[in-house]
Structures are given as structure tokens and as C-alpha cells.
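# Summary of structural features
Each chain is listed here by its residues.
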Amino acid sequence: GKELKLRLSQADDHLHAIRLGLVGKANTYRNKIRSSNKERHGVANSTRAHQELQSLDKNVRLHAQQYTICRNAMAVLGAPEETLDKYRKLTRTDLYVTTASFDAQDPLGWKLELPWFWGVNAAGTIHSEQYLADCTSTCLTPSSFGMYH
């Protein structure tokens, strides 16, 4: 009924906020932390960047917690199995961010696999390949491998 629709909408909002937060974390790490480590921009800049990263991480965890509450409510409200398959349980590794890069032309290159929620849009359907490619390129950088959470 109406409450299930509300929970679906809330879940979509929280997944969107998680995606934005993860992109923000990747960009902060890539553009502020990694660059300040390489270029020695001083302790103040590095401290601010780490504080920004912690704030983004806290926000991601908050939205992940709220998403889990919504998903659990959907199950209690009798959401169809198809809906629960689409709105999966979040795992800790789903919230990891990588700034790794790969060469698509390199036959030995590895393939980045984004967590399931990168492909769920507000209507609960799967995004196009172009959307996923855009998300992937946002989180990737031509620098060396780095993973954090």
C-alpha cells in the first residue's frame, strides 16, 4: 500500500545519497588527500581533507543505516520477492570506495565491478550502460591503486 510506496521512495533517496557520498569520498581522496601527500601541501590542508573524508563517510554510513531500516520495513510490509531482490541488503564492502584505474585496452587489465545499487534508479529499474560507465569514470583516476572505506 501507501507505506510500502513511501519506503520504496525513501530507499531510493538513501541509495542516491550513498552514491553521491561515495563519489564525494573518491574525489576527496583523489584530489585532496593523495595530491597533498604527493605535493606536500602542508598539514593544515591534509587535516581538512581528512576531516572532509570523515564527514562524508559518516554521512554515507547514516544513509546506509536508514536504507537498511527502509528495506527491513519493506520486508515486514510484504514487499514482493522481486522488490526485495532489487533492493538488496547492503554489506560493508558495498560501501568501499576505490580510486583504482584500469586500462580497458589492456587484455590483462581488470574489470571494476560496482556494487549492485549503482544500477538501481529512482524507479527501481536498471540504469543504462552509459550511466554506469559515467559512474565508473567518476570514481576512477589514472593514478595507482587505492582502496579505503
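This text gives an overview of the structure that appears in the document. On a predicted model such as this, the values are computed, not experimentally measured, just so you know. (Residues numbered from 1 in each chain as written. Predicted model: local features only at pLDDT ≥ 70, side-chain atom pairs only at ≥ 80, totals over all residues. Heavy atoms only, no water.)

For the structure on display, the rule yields 2 aromatic pairs. Relative to W116, the ring of Y67 has its centre 6.1 Å away and its plane inclined at 45°; by these criteria the two rings are tilted. Of this pair, Y67 sits in helix α2 (residues 43-76) while W116 sits in the loop between β1 (97-98) and α4 (129-139); the two residues are 49 residues apart in sequence, bridging distant segments of the chain. For the pair Y67 and W116, a shared accessibility class is recorded, and that class is buried. Between W116 and F117 the ring centres are 5.6 Å apart and the planes differ by 90°, which places this aromatic pair in the edge-to-face class. A relative accessible area of 0% means that F117 is categorised as buried. (Phe/Tyr/Trp six-rings, centres within 6.5 Å; stacked < 30°, edge-to-face > 60°. Helix = DSSP H or I, 4+ residues; strand = E, 2+ residues; numbered from the N terminus. Buried < 20%, exposed > 50% of the residue type's maximum accessible area, 1.4 Å probe, protein only.)

All right, on to the nonpolar core then. Residues I18 and F117 are the most contacted members of the largest nonpolar core, which totals 22 residues. Broken down by secondary-structure element, the contributors of at least two residues to this core are α1 (2-39) and α2. A total of 7 residues in this core trace back to one element, the largest contributor, which is α1. Those residues within four positions of I18 in sequence are excluded, and the remaining contacts are V60, H63, A64, L90, L95 and F117. (Core = buried A, V, L, I, M, F, W, Y, C linked by side-chain atoms within 4.5 Å. Contact = heavy atoms within 4.5 Å.)

This part covers the pattern of salt bridges. Within this structure, the stated rule accounts for 3 salt bridges. Here R7 and E3 are joined by a salt bridge, their closest N and O atoms 4.0 Å apart. In this pair, R7 and E3 are both assigned in helix α1, 4 residues apart and thus about one turn of the helix distant. Here D57 and K25 are joined by a salt bridge, their closest N and O atoms 2.8 Å apart. A residue pair is termed long-range when its members are at least 10 positions apart, and D57 in helix α2 and K25 in helix α1 qualify at 32 residues. Judged by relative accessible area, which is 0%, K25 ranks as buried. (Salt bridge = Lys/Arg side-chain N within 4 Å of Asp/Glu carboxyl O.)

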